[in-house]
Amino acid sequence: PDLGSASAAVCRRALARGSTDNLSCMIVQFIGGEASGPHRELLPGPLVGLDHFGFRKAYGVMAERAGSTLAVAIEARYDAARRERVAAMARHGENGAAASVEGATAPGALLGELRAEIALLGEGPPAELQPGSPERSKWFEDWLAAHEVPLPPNPAEMSSAGLLSLLANDPD
């Protein structure tokens, strides 16, 4: 059996059911033999918090653990979200009017979420840039550089009033 494909399928299923958390899946083989398939594969999840420092940092670490970069992970997710949007529209129509699978995001909500996620990158890369090309990858790197996320405040350096305000406005 291809343990890598099985592990990736578990992660894909969790993403399809709406998980927005970092996902990892490890399958341990107790009997002899060689594992087939890739040992690590990056399946980038939704970009729901790309404007949040902690989310962006965690997303980057996830990409690095898979031997990639934040820009490459965002490019891969952008392409996956566009494919998912097209597939959802083909299955459920422009507004996602069909019934949903139990436990999954409703089709209309899914389409809205995918559109919002894709819109995070504005117009996206120019259509003439081929996926995976150095020029297109540079577009994503440039987008990240132009959309820096400020460091969160350091609670150790805040007054008690400032700390209470921070907790009230940003409990995460």
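The text that follows walks through the structure, step by step, so that each part is easy to find. (Residues numbered from 1 in each chain as written. Predicted model: local features only at pLDDT ≥ 70, side-chain atom pairs only at ≥ 80, totals over all residues. Heavy atoms only, no water.)

In this section: the packing of aromatic side chains. Between two aromatic rings, the relevant description is the distance of the centres plus the angle of the planes. A full pass over the atoms with the stated rule returns three aromatic pairs. With a centroid separation of 5.0 Å and an interplanar angle of 80°, the aromatic rings of tryptophan 139 and phenylalanine 140 are classed as edge-to-face. (Phe/Tyr/Trp six-rings, centres within 6.5 Å; stacked < 30°, edge-to-face > 60°.)

Summed over the entire model, instances satisfying the criterion amount to five salt bridges. Two residues, glutamate 84 and arginine 77, come together in a salt bridge whose shortest N-O distance is 3.0 Å. Here glutamate 84 falls in the partly exposed class, since its relative accessible area comes to 33%. Overall, the relative accessible area of 4% leaves arginine 77 in the buried class. For aspartate 142, the salt bridge goes to lysine 138, with nearest N and O atoms at 2.8 Å. Residue aspartate 142 and its partner lysine 138 are both found in helix H5 (residues 134–146); the two are separated by four residues, about one turn of the helix. Residue lysine 138 is classed as partly exposed on the basis of its relative accessible area, which comes to 43%. (Salt bridge = Lys/Arg side-chain N within 4 Å of Asp/Glu carboxyl O. Buried < 20%, exposed > 50% of the residue type's maximum accessible area, 1.4 Å probe, protein only. Helix = DSSP H or I, 4+ residues; strand = E, 2+ residues; numbered from the N terminus.)

Considering soluble globular proteins, one finds that nonpolar side chains tend to be buried as a cluster. Tyr59, Ile74, Leu121, Phe140 and Leu144 are the most contacted members of the largest nonpolar core, which totals 18 residues. Broken down by element, the residue count for this core peaks at six residues, all from helix H3 (residues 70–92). Among all residues touching leucine 144, those that are not within four sequence positions of it are Arg56, Leu70, Ala71 and Ile74. (Core = buried A, V, L, I, M, F, W, Y, C linked by side-chain atoms within 4.5 Å. Contact = heavy atoms within 4.5 Å.)

Time to look at the packing of H3 against H5. Contact pair H3 / H5: the axes reach a minimum separation of 9 Å and the direction vectors enclose 110°. Between H3 and H5, the interaxial angle falls into the category roughly perpendicular. Contacts between H3 and H5 involve Leu70, Ala71, Ile74, Glu75, Tyr78 and Asp79 on the former and, on the latter, Arg136, Ser137, Phe140, Glu141 and Leu144. (Axes fitted to C-alpha atoms, helices over the stretch in contact; angles between N-to-C directions. Parallel < 35°, antiparallel > 145°, perpendicular 65-115°, else oblique.)

Turning our attention to helix H2 (residues 53–65). End to end, H2 covers 18 Å across 13 residues, agreeing with the expected 18 Å (1.5 Å per residue, within 8%). For H2, the complete set of buried residues consists of Phe55, Arg56, Tyr59, Gly60, Met62 and Ala63. The buried residues of H2 all sit within an arc of 160° when viewed along its axis, so they share a single face. Turned more than 90 degrees off the buried face of H2, the exposed positions are Lys57, Glu64 and Arg65. Lining the buried residues of H2 we find H3 and H5. (Expected span 1.5 Å × (residues − 1). Arc of directions from axis to C-beta.)

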